[in-house]
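Report on the structure
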Amino acid sequence: MTSMSPLNTRHADAPLHVPADAPAPQAPTHCFSLMAEAHPGILPRVLELFAKRNLVPERWVSDRMPGGGHLTVDLQVKGLEEREAEHIARCLRQIWGVESVLRATKG
C-alpha cells in the first residue's frame, strides 16, 4: 500500500483554486525604439499613431543625438494585441524621416 502526501491529492482534471485577491495577469507591454532625423514633425507623427487608437504610452523618452541631426524615441504601450503592435511598427517605418524601428514585447 502506498501513502499519498497531502500535496498530491488533487485530481489531474480538477481546476486549480485561484484566490480572489490574486493579482490579475499583466497585459504585455509593447516597446518601440526608433531613430529618425531631427525634424519638428517627427514626434507628433509618431504620437499620432497611438492617439488615433486612444492609447497613451506608459513611457516616452526622446533625445536629440549629439551633433543634432538625429532623434531617438523609445516608448512603451500597454493595451495592444500583437498584430496591432506589428502594424504600428510598420506604420512607424513609413513615416518620412524615420530611419529604423525596433519592436519588442515584455511581460
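Residues numbered from 1 in each chain as written. Predicted model: local features only at pLDDT ≥ 70, side-chain atom pairs only at ≥ 80, totals over all residues. Heavy atoms only, no water.

A look at the overall build of the protein chain
- Helix and strand counts for the protein chain come out as two helices and four strands.
- Reading the protein chain from its N end, one meets helices and strands in the order β-α-β-β-α-β.
- Residues classed as buried in the protein chain amount to 27% of the 107 residues present.
- Intrachain contacts of the protein chain at a sequence separation of at least 6 include 69% that bridge at least 24 residues. (Helix = DSSP H or I, 4+ residues; strand = E, 2+ residues; numbered from the N terminus. Buried < 20%, exposed > 50% of the residue type's maximum accessible area, 1.4 Å probe, protein only. Contact = heavy atoms within 4.5 Å.)

A closer look at the packing of aromatic side chains
- Counted under the stated rule, the structure contains one aromatic pair.
- Measuring from ring centre to ring centre gives 5.5 Å for F32 and F50, while their planes differ by 70°; the resulting arrangement is edge-to-face. With F32 in strand β1 (residues 29-37) and F50 in helix α1 (residues 42-51), this pair connects stretches of sequence that are 18 residues apart.
- Since its relative accessible area comes to 2%, F32 is described here as buried.
- You can call F50 buried: its relative accessible area is 0%. (Phe/Tyr/Trp six-rings, centres within 6.5 Å; stacked < 30°, edge-to-face > 60°.)

Points about the confidence of the model for the protein chain
- Within the protein chain, residue pLDDT values average 86, and 77% of them lie at 70 or more.
- When mean pLDDT is taken per element in the protein chain, β1 scores highest with 98 and α1 scores lowest with 96. (pLDDT = per-residue confidence, 0-100.)

Some points on the sheet that holds strand β3 (residues 70-78)
- Taken in spatial order, the four strands line up as β2-β3-β1-β4 in an open sheet, and their pairing is antiparallel. Each edge of the open sheet is held by one strand with a lone partner, namely β2 (59-64) and β4 (98-106). Averaged over all pairs of adjacent strands, the angle between strand axes in this sheet comes to 10°, irrespective of strand direction.
- Sheet topology note: the β1/β4 ladder contains eight bridges and is antiparallel. The residue bridging C31 from the neighbouring strand is A104, located in β4. (Pairing = 2+ DSSP bridges. Axes fitted to C-alpha atoms, helices over the stretch in contact; angles between N-to-C directions.)

Comments concerning the side chain of H30
- By the element assignment, H30 lies in strand β1.
- For H30, a relative accessible area of 1% corresponds to the buried category.
- Side chain to side chain, H30 and R103 meet in a polar contact 3.5 Å long.
- When sequence neighbours within four positions are dropped, the list of residues in contact with H30 reads L75, Q76, V77, L80, E81, E82, A85, R103, A104 and T105. (Polar contact = N/O pair within 3.5 Å; in protein donor to acceptor, adjacent residues only side chain to side chain.)

Topic: the packing of α1 against helix α2 (residues 82-94)
- Two numbers describe how α1 lies on α2: the axes approach to 10 Å, and their chain directions differ by 155°. Taken as axis vectors, α1 and α2 run roughly antiparallel relative to one another. α1 and α2 meet at a crossing whose hand is right-handed. Each of V46, L49 and F50 in α1 lies in contact with α2, whose residues at this interface are I88, C91 and L92. (Parallel < 35°, antiparallel > 145°, perpendicular 65-115°, else oblique. Left-handed = near helix turned anticlockwise from the far one by under 90°.)

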